[in-house]
Amino acid sequence: MQRRELFRRLSFLTLTGGAVSLTLPASAKRPAAASDPNPPAPLKRDLFKELGIRTFINAAGTYTAMTGSLMHDYVVETIQDSSIQFCMLDEVQDKVGEKIATLVHSEAAVVTSGAFSAMTLGLAGILTGMDQKKVEQLPHLESTDMKSEVIIQKAHEIVYNHALKNTGCKLIYVETREQLEAAISEKTALLHFLNIEADKGQIKHEEWIAIGRKHGIPTSIDIAADVPPVSNLWKFNDMGFSFVAISGGKAIRGPQSAGLLMGKKEIVAAARLSMPPRGFNIGRGFKVNKEEVLGMYVALESYIHQDHDREWRQWEAATAVIHQAVKPIKGVTAEIKVPLLGNITPTLHIGWDPQTVKLTGADLQQRMRNGEPSIEVGDVQEKHIAVTVWMLKPGQEKIVAARLREELTRAAT
Ligand SMILES: *Cc1c(COP(=O)(O)O)cnc(C)c1O
């Protein structure tokens, strides 16, 4: 049968019975362009090859520059399956938000474009409430009656706090409890906390929330990179933060462009006034379409229900393979550590004596990058790199182990 003939028959069948379309390749399910009712099936393209884009084994971790994490197959399937229907964006956010809120013990939730936009939107919601005029005034707070300051501990300074400035608010940094109490004024909109540096600040989570409550000021927390442990998804909602922001495309392996805003009903409802499908707001550019909203939902649900102990044992086993390969090399020291906060996964730190192993961290990074296959490593310093296995596909740990062993051995002779 000619391809065109096949297509004619298939399009007839899809008109008469939906079940048939399930057996068709995804490309055939898409409606044909109006100008050409029977376009030829597109050839399977490898755009990485076609455009000359380097792909690599990711032994570094969940870095945005390296496109974060790989979505699970069921996330990609959800995206593909949901892409063939229209629905109302607000309805999908309403229904998914309700499910997610139950999963994470918050009053409400909404899928955002990453943790960064969750922070901007949560604060926007606090500033504007349900007042549409205020939504339109952001980020110009002067000569409005909106609050204009966010207080943060100095130890919690991080580039991503810029998300809060996007609302027009000023950030006020404090160190002690006394400074915090003194900094609170009628201008204070929010007390913001950064979990990954929780051990560095003098004021801990519970005290932060208690001071907020005492002064009637909402509190928020950035936990973008803080699962595992899975319990962190609800821990800070249970603790009483007014809103919590997390990334969807790190360990959860949802869409890299997605994240979650979880929190009080009135904050999430007000935040959504600054989100698509609405415009005339600061958040119109933070668009998340239905495919990603649904993809984020299934990623989160599966993440919560997966066997975390098993995953941890797999990470340990794969890390041990690399550890064993590099440990015996003369002049090399290799140690597995687990970060206390953020990116909690076994991390193999590889250091060396530059007298014996004659290369820098940057040299090793380049050699791993230029090798076949290309491999990315993390935490590159003068005589140190680190690798993690959580972004590897099963079996890739053997390739990483062999390549590191090869390069370090060569440099040690
Ligand atoms: C990754 C990260 C962010 C940004 O998260 P996105 O989901 O990429 O927007 C914010 N804060 C911290 C601590 C992070 O690690």
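All figures in this text were calculated on a predicted structure; none of them were measured in a lab. (Residues numbered from 1 in each chain as written. Predicted model: local features only at pLDDT ≥ 70, side-chain atom pairs only at ≥ 80, totals over all residues. Heavy atoms only, no water.)

Engineer: Sorry if this is basic, but what is going on with the overall build of the protein chain here?
Structural biologist: A tally of regular secondary structure across the protein chain gives 16 helices and 13 strands. Expressed along its principal axes, the backbone C-alpha trace of the protein chain runs to roughly 75 × 70 × 35 Å. Within the protein chain, buried positions represent 48% of all 413 residues. In the structure as shown, the protein chain presents an accessible area of about 20700 Å², 55% of it carried by carbon and sulfur atoms. For the protein chain, the centre of its 48 positive side-chain charges and the centre of its 47 negative side-chain charges are spaced 5 Å apart. (Helix = DSSP H or I, 4+ residues; strand = E, 2+ residues; numbered from the N terminus. Buried < 20%, exposed > 50% of the residue type's maximum accessible area, 1.4 Å probe, protein only. Areas by Shrake-Rupley, 256 points an atom, 1.4 Å probe, with all protein chains shown as cover. Lys, Arg positive; Asp, Glu negative; His and termini not counted. Charge placed at Lys NZ, Arg CZ, Asp CG, Glu CD.)

Engineer: Before we go on, may I ask you to explain the domain arrangement of the protein chain in this structure?
Structural biologist: How big an interface is tends to be expressed through the accessible area that disappears when the partners come together. Each domain of the protein chain was delimited in the assignment, giving domain 1 (87–305) and domain 2 (308–412). Computed from C-alpha atoms alone, the centre-to-centre distance between domain 1 and domain 2 is 35 Å. Between domain 1 and domain 2, the residue contacts involve 14 residues of the former and nine residues of the latter. Both faces considered, domain 1 and domain 2 share a buried interface measuring about 870 Å² in area, 66% of it formed by carbon and sulfur atoms. (Domains from an automatic or database assignment. Contact = heavy atoms within 4.5 Å. Buried area = accessible area lost by both parts, 1.4 Å probe.)

Engineer: Could you clarify how one ought to interpret the sheet that holds strand β4 (residues 170–174) in this entry?
Structural biologist: Whether parallel or antiparallel, the strands of a sheet pair through hydrogen bonds between backbone atoms. Here seven strands make up an open sheet; going across it, the order is β2-β8-β7-β6-β5-β3-β4 and the pairing mixed. At either end of the open sheet lies a strand with only one pairing partner, and these are β2 (108–112) and β4. Strand-to-strand twist in this sheet, taken as the mean axis angle between neighbours without regard to direction, amounts to 25°. Each of β2, β3 (149–153), β5 (188–194), β6 (219–222), β7 (243–247) and β8 (259–263) is contacted by helix α6 (residues 114–128), which is oriented at about 160° to β7, the strand it contacts most. (Pairing = 2+ DSSP bridges. Axes fitted to C-alpha atoms, helices over the stretch in contact; angles between N-to-C directions.)

Engineer: Please clarify how the pairing of β8 should be interpreted in this entry.
Structural biologist: Remember that side chains alternate between the two faces of the sheet whenever the strand is regular. In terms of burial, β8 is a largely internal element, five of the five residues being buried. Residues of β8 alternate between two faces, with Gly259, Leu261 and Gly263 on one and Leu260 and Met262 on the opposite face, all of them buried. Bridge count between β2 and β8: five bridges; the pairing is antiparallel. By the bridge assignment, Val110 is partnered in β8 with Leu261. One ladder, built from five bridges, connects β7 with β8; its direction is antiparallel. By the bridge assignment, Val244 is partnered in β8 with Met262.

Engineer: Any chance you could explain the pattern of salt bridges here in plain terms?
Structural biologist: Opposite charge on two side chains permits them to pair, given that their charged atoms come into close proximity. Per the stated rule, a full pass over the model turns up 20 salt bridges. Here Glu181 and Arg177 are joined by a salt bridge, their closest N and O atoms 3.1 Å apart. Pair noted here: Glu181 and Arg177 are both in helix α9 (residues 177–183), with a separation of four residues, about one helical turn. Residue classification places Arg177 among the partly exposed positions, given a relative accessible area of 31%. When the shortest N-O distance is used, the salt bridge between Arg369 and Glu376 registers 2.7 Å. (Salt bridge = Lys/Arg side-chain N within 4 Å of Asp/Glu carboxyl O.)

Engineer: Explanation requested: the side chain of Ser274 in the structure shown.
Structural biologist: Mapped onto the fold, Ser274 is located in the loop between α12 (265–271) and α13 (290–305). In this structure, Ser274 is in contact with Leu121, Ala124, Val135, Asn281, Gly283 and Arg284, ignoring residues within four places of it in sequence.

Engineer: Looking at this structure, I do not really get the nonpolar core. What am I missing?
Structural biologist: One broad rule of soluble globular proteins: the nonpolar side chains tend to lie buried together. Formed by 77 residues in total, the largest nonpolar core has its most connected members in Leu233, Leu300, Leu404 and Leu408. The element contributing the most residues to this core is α13, with eight residues. Summarising the domain contributions, this core has at least three residues from each of domain 1 (87–305) and domain 2 (308–412). Leave out the neighbours within four places in its chain, and Leu408 touches Val326, Ile329, Val332, Ile350, Trp352, Val357, Leu359 and Leu364. (Core = buried A, V, L, I, M, F, W, Y, C linked by side-chain atoms within 4.5 Å.)

Engineer: Looking at this structure, how should I read the sheet that holds strand β10 (residues 347–352)?
Structural biologist: Taking strand neighbours across the sheet as the criterion, the four strands line up as β9-β10-β13-β12 in an open arrangement whose pairing is antiparallel. For this open sheet the edge positions go to β9 (332–337) and β12 (378–381), each flanked by a neighbour on one side alone. Here the strands of the sheet are splayed against their neighbours by 15° on average, with no regard to which way each runs. Contacts between helix α15 (residues 361–370) and the sheet are confined to β10, β12 and β13 (384–388), with β12 contributing the most and set at about 135° to the helix. The strands that helix α16 (residues 396–411) touches are β9, β10 and β13; relative to β10, the one it contacts most, it runs at about 10°.

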